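Chain by chain, the residues run as shown.
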Amino acid sequence: MSTVNIKINNIPLQVEKGTKILEAAKKIHIDIPHLCYHPDQTIKAHCRICTVEVVGSRRLLAACSTEVWEGMEIHTDTKLVRDTQVGILELILANHDQNCLACARNQNCDLQNLCSRFNVLQPQLERVSEPVAIKDENPSIARDLSKCVKCGRCVKVCNEVQGVNALTYSGRSEDFAVTTAYNKPLLETDCILCGQCSSVCPVGAIVERDNTQKVLNVLQDPSKHVIVQVAPSVRVAIGDEFGLPRGAIVTGKMVTALKMLGFDKVFDTNFAADVTIMEEGTELLDRIKNSGKLPMITSCSSGWVNYMEKHYGDYIDHLSSAKSPQQIFGAISKSYYPEVAGVDVKDIVTVSIMPCVAKKFEANRPEMGRDGIKDVDIVLTTRELSKLIKYVGLDFANLDEGSFDSPLGLGSGAGAIFGTSGGVMEAALRTVAEVYTGTELKNLDFKEVRGWEGIKEAEINLGDNSVKVAIAHGLRNAQKIMEAIKAGTCDYTFVEVMACPGGCIGGGGQPIQSTTDIKKLRMDALYDIDQTHIIRKSHENPDVTALYKNYLEAPLSHKAHKLLHTSYKKIEKQYNFSYLTKK
Amino acid sequence: MSKAVCFMTKNFGKYDVKSIGSYMAIGGFDALKKAVNMTGEEIAATLATAQIKGRGGAGYDMGKKWSQAKAVIADSKVVVCNADEGEPCTFKDRTLIENDPFNLIEGMIIAGYTVDAQNGYIYLREEYSHLRPLLLDAIKQAKTYGFLGENILGKGFNYNIHLYSGAGAYVCGEGTALVESIEGKSGRPRMKPPFIKQCGLYNLPTCVNNVESLSLVSSILLDDEKKYLTYGTEGSVGTKLVSVAGNVKNPGVFEIPFGVTVRDIVYGLAGGIVDDHEIKLIQFGGASGKFAPKSILDTPYTYEDLRKAGVGVGSGAILVVDERTSVIDFLKTTQEFFSHESCGQCTPCREGNRHIKLLLKKVAEGTHTALDLASMRKIAKIMAMSSLCGLGETAQSALVSAMKNFEEDFQIK
């Protein structure tokens, strides 16, 4: 890679050819203000707040989109630059609902930070923002266009990373806006509620549907027995919200915080993940043995399931019928648990802490429960849990290490890696390989299914048989596999798909500012948890064994089937364009 | 005595615009026949010698543009003829298409040959849809005669021309928005770089030229006596089509040699002001152009003299406004136009136009403050300095020149 010599504010430096001014400035620790720029996205150059002076250039140049050239002299701190940047900020602010106190992103907002940085406290321009009514009832995502700064991050993630294309631009000039097709509510569009838009939005224009008050209400109600489950990826992400190092494993502090919040029992979704492996693994073996539909595809990721229903409805029978760990936990918490704990099922409120906004939708699926009892009652994202922790005033970083409760609090290392792309596959392989061959695995690490590659493939030896498997994360990648299945060119036996980049560690409900680099640290952390765990195989989790022995009998038993399996259905598109091609 | 000349308009009225045979009878396609015996570099050099500046408004050296386009290494390239002519008061391209369509087609074929393109696209503004049949027929006839298609004139040169109509957005005259529009996307400009000369229509190297620029090519190539160089001034060689409108008695398109005065154009060619009113202002180059008071009348119409006088040639539009219209009302109309035509994707242009509109309203009502005027200046500068494309960059040209030349109209009451 060749390098070029440049000067930023008279400081000479050498950077790789092709580096953008904004990135070059970072190397000498200058933060050029930006809004639409996101390190994981292609450049948009919409907001123009990153404009800088380049000697010899007639106009200011956008630092995010302009590549450095040999001898380039950049000034980031002249009066012209600052006047322009502040002026643009004022223009944005004039068209932004400034009721920060009532905003979900208060104190966690790029626009607020910029205003604070540039001391833009009393903008002189006329306020032109107007409330924009959006009727968009769904359990996962709330949108408020009066806060939208038109940066396009949400559109990029929806189109380029997820390939869902639910969000797009419409209108021009003052009417330019981020919208859905025909301005329909999200549920009536191609949206699969992954919530990636909410995690890249620099302001409060797209946020998770907030359930914190609902949880506070049940916690304050003495008649309720409130239990909570925590997804594997939350424990390696929530530390971000409290200034702990990125990727820090904070399981113990998190459990303590949940207990101090007043939950009656704190359980682990990792336990349910182990149960998922028992069910899904057995289902896979059954499909292989009895010529069932292959490849079988995982169904843990609720964004992914939504995607299958809306985009590949004709291939829905490839999905495993096993419920996701969240819902398996929910079902057990409303069947086995009341019996063991001696609590009336009607008094139990099951809360889950998820890295995900699609899980809010999943918990509300009508098929997820029985006799008017929902498997899971309330779902909070990682972000909402951190809000609750702040609400009760806990000094999270200095909390003692707590332990999960019994009998639904013990998860294996295999359960822990469910939170990363490749983890469900690896967990399943550990169990399937041992059950299939009847011999103990010498090496539990299936390294070929790990890592950040968009699509990972492996050929797994199962004694006399070998099977091809694949893992995809981010729906753009999953699409490629589905197209191969559609074309009949796919020879995989088992496929794992996670809707979000990196899997749940990169979920749409994780702390804001979760960049790829940060997600990779979380990935490493989950493998650390697994590596140091005494139990690393789901079928060796004693609490899981007890569950089957005392209650479910066996994987895929009648009882297990009734509680832990479900089915999905194709959703017809709400609109179609066939009339355009009709002659 | 009329100061108009006939160089690029020499074919006007001389042939049946619906008949290629009629065009060929007056020497049509001779330039192409000559061109295919030259190299692309030689053709570009010929244009460079004639010092032709692009006629879309930016005035980029056309010989340089073509030699750069030729030098780009790619399996496939395209030529685009920008016939979007959206600048208000600009209608010279329409005149060229109406009166000499085959000359445009010939210029486009020569462009394709010069830069090694396989395809040429005419992007015709939506309001000119009545010219579609004429152009489509011209393309068809050229194909029948072997000037388009495979192995043109036996030189192994394959080239076709496609006609696209815009949907009415002014911003699609901007090169990158134009190619987005041809690709079937919303007409919003792309960020630059990459520049379209490297990565444009369908991600191919793209050479975009204005109708007038392309219409000049044949005449220049056949101009062995260098007659073109005898027109104009040292800094502005040759002739230019200007479209004059507003409160003049005889609005229209005129081919002038560079160097005639603005007075020659306004009072000579365009017949002076209706009812002999006094001139209030003259706007040059369309809505995105600056304007000047009537003291500009004796300025020679050249790139350099207009620039010195604080205005520019731009698209060649000359809009004459007499004393009956107030500066502020005029600006309000211009602002309505940009507030409608901004694509909206970048902050300075979207929000800047919104606020200037509000502030102008206050000025018109006489309720503005010193702070409002400061805000206008500030926003206009931000738009010019930091907008994503040329629309935002130039949208406040008129305002800035008005605040300079007509200070009294902005006085605080």
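Conventions adopted
Residues numbered from 1 in each chain as written. Chains lettered and ligands numbered in written order. Predicted model: local features only at pLDDT ≥ 70, side-chain atom pairs only at ≥ 80, totals over all residues. Heavy atoms only, no water. Helix = DSSP H or I, 4+ residues; strand = E, 2+ residues; numbered from the N terminus. Rg over C-alpha atoms; globule rule 2.2 N^0.38 Å. Buried < 20%, exposed > 50% of the residue type's maximum accessible area, 1.4 Å probe, protein only. Contact = heavy atoms within 4.5 Å. Areas by Shrake-Rupley, 256 points an atom, 1.4 Å probe, with all protein chains shown as cover. Lys, Arg positive; Asp, Glu negative; His and termini not counted. Charge placed at Lys NZ, Arg CZ, Asp CG, Glu CD. 1 Å grid on protein atoms, 1.4 Å probe; cavity = no way out; pocket = protein on both sides within 12 Å on 5 of 7 lines; lining within 4 Å. Points joined across faces, edges and corners; volume = space filled by probe spheres on them. Nonpolar A, V, L, I, M, F, W, Y, C, P; charged D, E, K, R; others polar. Buried area = accessible area lost by both parts, 1.4 Å probe. Salt bridge = Lys/Arg side-chain N within 4 Å of Asp/Glu carboxyl O. Polar contact = N/O pair within 3.5 Å; in protein donor to acceptor, adjacent residues only side chain to side chain. Pairing = 2+ DSSP bridges. Axes fitted to C-alpha atoms, helices over the stretch in contact; angles between N-to-C directions. pLDDT = per-residue confidence, 0-100. Arc of directions from axis to C-beta. Parallel < 35°, antiparallel > 145°, perpendicular 65-115°, else oblique. Phe/Tyr/Trp six-rings, centres within 6.5 Å; stacked < 30°, edge-to-face > 60°. Domains from an automatic or database assignment. Expected span 1.5 Å × (residues − 1).

This brings us to the overall build of chain A. Looking only at helices and strands, chain A features 20 helices and 19 strands. A compact globule built from 583 residues should have a C-alpha radius of gyration of about 25 Å, and chain A, at 25 Å, falls within 12% of that. The principal-axis extent of the C-alpha atoms belonging to chain A is close to 75 × 60 × 55 Å. With 583 residues in all, chain A has 62% of them scored as buried. Intrachain contacts of chain A at a sequence separation of at least 6 include 74% that bridge at least 24 residues. About 23,000 Å² of surface is accessible on chain A, with carbon and sulfur atoms providing 49% of the total. Of the charged side chains in chain A, 67 are positive and 71 negative; the average position of the first set lies 4 Å away from that of the second.

For the rest of this paragraph, the subject is empty space enclosed by the protein. Residue and element names in this part refer to chain A. Under the counting rule described, the total for this entry stands at 9 cavities of 30 Å³ or more. Put simply, the largest cavity is a space of about 280 Å³. When residues of the lining of the largest cavity are traced back to their parent elements, those giving at least two are α8 (269–289), α9 (302–311), α10 (325–333) and α12 (358–363). Of the residues assigned to the lining of the largest cavity, the class counts are 16 nonpolar, 8 polar and 1 charged.

A few words now on the side chain of A:Glu283. Relative to the elements of secondary structure, A:Glu283 occurs in helix α8. Among the residues examined, A:Glu283 registers a relative accessible area of 6% and is labelled buried.

A few words now on the interface of chain B and chain A. Taken together, the contacts link 36 residues of chain B with 34 residues of chain A. In total, about 3,000 Å² of surface goes out of reach between chain B and chain A, with carbon and sulfur atoms giving 54% of it. When the area that chain B buries against chain A is broken down by residue, the three leading residues are B:Met191, B:Arg354 and B:Met385, summing to 20%. One salt bridge in this structure joins A:Arg58 and B:Glu393, with 2.5 Å as the shortest N-O distance. At the boundary of chain B and chain A, one finds 19 residue pairs in polar contact (both at pLDDT 80 or more).

All names here are of chain A. Spatially, β11-β10-β13-β16 is the arrangement adopted by the 4 strands of the open sheet, whose pairing is parallel. Each having just a single partner strand, β11 (265–268) and β16 (378–381) make up the two edges of the open sheet. For this sheet the average axis-to-axis angle between neighbouring strands, irrespective of direction, equals 25°. Here strand β13 (residues 348–354) runs beside β16; their pairing, made up of 4 bridges, is parallel. Note that in β16 the partner of methionine 354 across the bridge is threonine 381. Where helix α6 (residues 212–219) meets the sheet, its contacts fall on β10 (225–230), β13 and β16, and the angle it forms with β16 comes to roughly 125°. Its contacts with the sheet put helix α13 (residues 382–391) on β13 and β16, and the angle it makes with β16 is roughly 90°.

A word on the pairing of strand β17 (residues 455–462) of chain A. Residues and elements named next belong to chain A. Of the two faces of β17, the one holding Lys456, Ala458, Ile460 and Leu462 is buried and the one holding Ile455, Glu457, Glu459 and Asn461 is not buried anywhere. Bridge count between β17 and strand β18 (residues 465–473): 8 bridges; the pairing is antiparallel. Bridge pairing in β18 places asparagine 461 opposite serine 466.

A separate point is the confidence of the model for chain B. Scored by pLDDT, chain B has a mean of 96; 100% of the residues are at 70 or more. Across the interface, the model reports ipTM at 0.93; the global pTM reads 0.94.

With that settled, consider α6(A). All names here are of chain A. Looking at α6, one finds that the buried residues are Thr212, Val215, Leu216, Val218 and Leu219. The buried residues of α6 occupy an angular sector of 165° when the element is viewed end-on, so they sit on one face. Where α6 is buried, its residues touch β10, α7 (251–261), β13, β16 and α13.

Here the focus is the packing of α8(A) against α10(A). Residue and element names in this part refer to chain A. At a minimum axis distance of 8 Å, the contact between α8 and α10 shows a crossing angle of 100°. As far as their axial angle goes, α10 and α8 are roughly perpendicular. Between α8 and α10, the contacting residues are Thr269, Phe271, Ala272, Ala273, Val275 and Thr276 on the first element and Pro325, Gln326, Ile328, Phe329 and Ile332 on the second. Across the contact of α8 with α10, the residue classes tally to 8 nonpolar, 3 polar and no charged.

To continue, consider the pattern of salt bridges. If you walk through the whole model with that rule in mind, you get 65 salt bridges over all chains. Of the charged contacts in the structure, one is a salt bridge between A:Arg383 and A:Glu208, with a shortest N-O distance of 2.8 Å. Here A:Arg383 is found in helix α13, whereas its partner A:Glu208 is found in strand β9 (residues 206–208), with 175 residues between them in sequence. You'll find A:Arg383 and A:Glu208 in the same group, each marked buried. A salt bridge links B:Arg125 to B:Glu127; its shortest N-O distance comes to 3.0 Å. The partly exposed category is assigned to B:Glu127, whose relative accessible area is 39%. Counted as one network, the salt bridges with shared partners bring together A:Glu426, A:Arg430, A:Asp445, A:Arg450, A:Asp530 and A:Arg536.

This part covers the packing of aromatic side chains. Residues and elements named next belong to chain B. Within the structure shown, the criterion is met by 26 aromatic pairs over all chains. Ring centres of phenylalanine 29 and phenylalanine 147 lie 3.8 Å apart, and the angle between their planes is 5°; this geometry places the pair in the stacked category. Of the two residues, phenylalanine 29 is situated in the loop between α1 (20–25) and α2 (30–35) and phenylalanine 147 in the loop between α7 (132–144) and β3 (149–152); the sequence distance between them amounts to 118 residues. Assigned by exposure class, phenylalanine 29 and phenylalanine 147 land together as buried.

Okay, the domain arrangement of chain A next. All names here are of chain A. Parsing chain A into structural domains produces domain 1 (3–77), domain 2 (125–208) and domain 3 (212–564). Computed over C-alpha atoms, the centres of domain 1 and domain 2 are 28 Å apart. On the side of domain 2, 11 residues touch domain 1, which itself brings 9 residues to the contact. Interface area, domain 1 with domain 2, both sides summed: about 810 Å², of which 56% is carbon and sulfur. For the domain 1 face of the interface with domain 2, the top three residues by lost area are Leu35, Gln41 and His46, together amounting to 53%. For the pair domain 1 and domain 2, the interface holds 0 salt bridges. There are 5 residue pairs in polar contact (both at pLDDT 80 or more) connecting domain 1 and domain 2. Grouping the amino acids of the side of domain 1 that touches domain 2 by side-chain chemistry returns 4 nonpolar, 4 polar and 1 charged.

Turning our attention to α7(B). Residue and element names in this part refer to chain B. Counted at 1.5 Å a residue, the expected span for α7 with its 13 residues is 18 Å, and the 18 Å between its end C-alpha atoms agrees. Those residues of α7 that are buried lie in contact with α1, α5 (92–99), α6 (101–115), β2 (119–124) and β4 (157–165). Once α7 ends, the next one or two residues include glycine 146, with phi positive near 80°.

Residue and element names in this part refer to chain A. Tracing the backbone shows valine 236 in the loop between β10 and α7. For valine 236, a relative accessible area of 1% corresponds to the buried category. The spatial distance from the C-alpha of valine 236 to the C-alpha of arginine 522 is 5.5 Å, given a sequence separation of 286 residues. Apart from the residues within four sequence positions on either side, valine 236 is in contact with Gly247, Ala248, Ile249, Ile505, Arg522, Ala525, Leu526 and Ile529.

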